[in-house]
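Each chain is listed here by its residues.
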Amino acid sequence: KGDDRNAGTLSHPLKTIGAALGKMKEITAGQQVEVMLRGGTYEIDATLEVNRDHVFIHPYQDETVTISGGKSVTRNSLKPVKEQAVLDRLQPQVRSLIREIDFKKNRMELVGLHATGFGRPSQVAWTEVFVDGQPLRIARWPNDSTVMIGKIQESGVAKEGKEAPFPVFGYQEERPSGWKSVENMWISGYFAHGYADDMICVESIDTIHKMIHTRQHTVYGFMTGAPWRQWFALNLLEELDVPGEYVIDAGRGKMYVYPPAGKMENWSVSLLESPLMAIEHCKDVKVQGITFEYGRHIGVYMENTHRALIKNCIIRNMGGVGVSIGKGTLKAGNQRGHESGGSPASRVVGDLMGTVYQNILFNREGGTENGVVDCYIYNVGAGGISLGGGDRASLTPAGNYVENCRIHDYNRIEKSYRPGI
């Protein structure tokens with residue numbers, strides 16, 4: 001009930017956190033600034049930037065405060081499917097149960113799937129949907145298993161210096177031949193080695209020869225002849241058949257959802273593609289007792305900070321890593337999935353894993369004595385905490401630390417090399 005033209009006192013509060021952080025500039029440098037947040041959910045559409053010393057951000061008394069990078073979706077926004085072309089692709093028994101969310105009508109951006117897997121850079125996740133605080137899952141076939149990779153027609157591995165064609169492989173089951181369209185279809189699995197999962201999009205299905213033509217490369221190409229070389233299909237309307245699944249059609253700006261069973265109170269979608277909060281180039285900042293959720297990327301990012309502390313916070317339902325301390329790297333151009341490093345970049349993790357293979361002296365500028373303490377991090381997409389710091393060239397330690405945190409379900413989207421810490 002605040003107003004950003006107010007003074008920012010208890011009796012005349014501001015409305016937005018962004019306005020409070022802006023008002024800090026009016027306070028003399030070196031003075032302690034305390035930002036108290038009244039209870040409720042603050043939906044933000046840009047990163048909250050903390051870049052001055054001596055700041056303490058926390059809820060007023062013990063009120064419950066949530067910072068959300070998404071938007072809540074009203075029941076009225078969940079409409080029955082009317083388009084005949086969509087109904088024809090749905091299985092008959094679920095046609096009356098599926099609901100669509102029209103992102104264009106609701107003035108929200110719907111971002112589709114992208115390649116993710118072993119050796120690929122960490123990147124901003126696609127748009128997700130959450131019900132009562134739990135992420136739903138992309139529709140898949142088979143629903144709870146995988147199927148064997150059949151005959152390899154084209155491995156996708158370059159030979160004699162030539163550019164490799166995209167992989168083509170066979171399937172033995174009848175189900176894929178019945179899919180009416182491969183628009184927005186993806187496949188995932190272990191296509192070559194048992195440690196290298198991948199997810200790529202599909203170009204077409206040859207139902208006569210029972211071959212699937214992909215339109216992206218993988219790190220190791222496709223192989224057959226081992227029990228782990230298996231795949232499953234994703235994001236097909238024909239396979240939207242289990243409560244809690246959804247399909248993304250970014251081109252039409254629509255998400256099709258099979259609502260979970262039971263009474264559902266709150267629906268939310270993730271939108272913000274930058275960190276929810278960035279603490280940069282400052283010292284003695286403390287953020288305590290706040291829930292961060294529904295962003296498509298990093299929860300809290302720190303760079304060149306000193307004695308910054310994230311304490312007793314909940315970070316959940318994010319598309320990327322919960323907390324990242326220090327820079328990542330980005331590589332320009334088309335990524336084929338190789339660990340290829342890149343240039344230092346703020347507010348990303350990116351190609352960090354590839355970079356440290358190539359440049360063991362890479363300094364993330366993670367600052368010193370920064371801590372993540374007593375936090376609960378879960379349902380994040382690409383790792384719990386990316387803990388950087390220190391200078392390897394001079395053997396200077398940073399003293400950054402993680403203490404007494406509970407971290408689980410931390411690689412829902414990027415499954416390789418995205419550890420808890």
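So, how was this worked out
Residues numbered from 1 in each chain as written. Predicted model: local features only at pLDDT ≥ 70, side-chain atom pairs only at ≥ 80, totals over all residues. Heavy atoms only, no water. Helix = DSSP H or I, 4+ residues; strand = E, 2+ residues; numbered from the N terminus. Rg over C-alpha atoms; globule rule 2.2 N^0.38 Å. Buried < 20%, exposed > 50% of the residue type's maximum accessible area, 1.4 Å probe, protein only. Contact = heavy atoms within 4.5 Å. Areas by Shrake-Rupley, 256 points an atom, 1.4 Å probe, with all protein chains shown as cover. Patch = residues over 30% accessible without salt bridge, like charges linked within 9 Å, V, L, I, M, F, W, Y side chains within 5 Å. Salt bridge = Lys/Arg side-chain N within 4 Å of Asp/Glu carboxyl O. Phe/Tyr/Trp six-rings, centres within 6.5 Å; stacked < 30°, edge-to-face > 60°. Lys NZ or Arg CZ within 6 Å of the ring centre and 35° of its normal. Pairing = 2+ DSSP bridges. Axes fitted to C-alpha atoms, helices over the stretch in contact; angles between N-to-C directions. Core = buried A, V, L, I, M, F, W, Y, C linked by side-chain atoms within 4.5 Å. Disulfide = S-S within 2.5 Å. Polar contact = N/O pair within 3.5 Å; in protein donor to acceptor, adjacent residues only side chain to side chain.

**Let's talk about the overall build of the chain**
Across its full length, the chain carries three helices and 36 strands. For a compact globule of 421 residues, the expected C-alpha radius of gyration is about 22 Å, and the chain comes in at 23 Å, within 12% of that figure. Dimensions of the chain, computed from the C-alpha atoms along their principal axes, are close to 75 × 55 × 35 Å. A burial count over the chain gives 53% of its 421 residues as buried. Residue pairs in contact within the chain that sit at least 24 positions apart in sequence constitute 67% of those at least 6 positions apart. Summed over its atoms, the accessible surface of the chain is roughly 19300 Å², and 50% of this surface lies on carbon and sulfur atoms.

**Considerations on the environment of Ile67**
Within the secondary structure, Ile67 sits in strand E5 (residues 65-68). A relative accessible area of 0% places Ile67 in the buried class. C-alpha separation for the pair Ile67 and Arg307, spaced 240 residues apart in sequence, amounts to 22 Å. Ignoring anything within four residues of it in the chain, the contact list for Ile67 reads Ile17, Tyr42, Ile44, Leu48, Leu276, Ile290, Thr291, Phe292 and Glu293.

**Details of a nonpolar patch on the surface**
On the surface, a cluster of nonpolar side chains totalling about 400 Å² of accessible area is made up of Met353, Val356, Tyr357 and Tyr417. Within the secondary structure layout, Tyr417 lies in the segment after strand E36 (406-408). Residue classification places Tyr417 among the partly exposed positions, given a relative accessible area of 44%.

**Let's talk about the packing of aromatic side chains**
Using the criterion set out here, one finds eleven aromatic pairs in the structure. Seen in terms of ring centroids, Phe118 and Tyr195 are 5.3 Å apart; in terms of plane orientation they differ by 70°. Their pairing is edge-to-face. Of this pair, Phe118 sits in the loop between strand E8 (99-102) and strand E9 (129-131) while Tyr195 sits in the loop between strand E16 (186-190) and strand E17 (197-206), placing them 77 residues apart in sequence. Ring pairs connect the aromatic residues Trp141, Phe169, Trp179, Phe191, Phe222 and Trp231, which therefore count as one cluster. The ring of Phe232 has Arg140 lying over it, and the distance from NZ or CZ to the ring centre is 3.7 Å.

**Description of the sheet that holds strand E3 (residues 48-50)**
Spatial strand order, E3-E23-E26-E29-E34: five strands in an open sheet with parallel pairing. With one partner strand each, in any of the chains shown, E3 and strand E34 (385-387) form the two edges of the open sheet. The mean angle between the axes of side-by-side strands here comes to 10°, regardless of whether they run parallel or antiparallel. Summarising the sheet, strand E29 (residues 323-325) and E34 pair through three bridges and their orientation is parallel.

**Digging into the nonpolar core**
Counting residues in hydrophobic clusters, the biggest one holds 40 residues, and the most contacted among them are Ile57, Met277, Ile279, Val287, Ile290, Phe292 and Val323. For Phe292, the contacting residues outside a window of four places in its chain are Ile67, Leu276, Met277, Val287, Val300, Cys313, Ile314, Ile315, Arg316 and Met318.

**Observations concerning the pattern of salt bridges**
Under the counting rule described, the total for this entry stands at 23 salt bridges. In this structure, Glu26 and Lys23 form a salt bridge, with 3.8 Å as the shortest nitrogen-oxygen distance. Relative accessible area serves as the criterion here: at 63%, Glu26 is assigned to the exposed category. Relative accessible area serves as the criterion here: at 26%, Lys23 is assigned to the partly exposed category. Several salt bridges share partner residues, and in doing so they unite Glu49, Glu280 and Arg347 into one network.

**Quick look at the state of the cysteines**
Enumeration according to the criterion identifies zero disulfides in this entry. In this model Cys282 remains outside any disulfide bridge; the closest cysteine sulfur is found in Cys313, 15 Å from its own. Since its relative accessible area comes to 3%, Cys282 is described here as buried. Here Cys313 is not disulfide-linked; the sulfur of Cys375 is the nearest cysteine sulfur, at 4.9 Å.

**A word on the environment of His58**
Relative to the assigned elements, His58 resides in strand E4 (residues 55-59). In contact with His58, other than residues within four places in its own chain, are Glu34, Val35, Met36, Leu37, Gln288 and Ile290. A distance of 2.7 Å separates the side chain of His58 from the side chain of Glu34, its partner in a polar contact.

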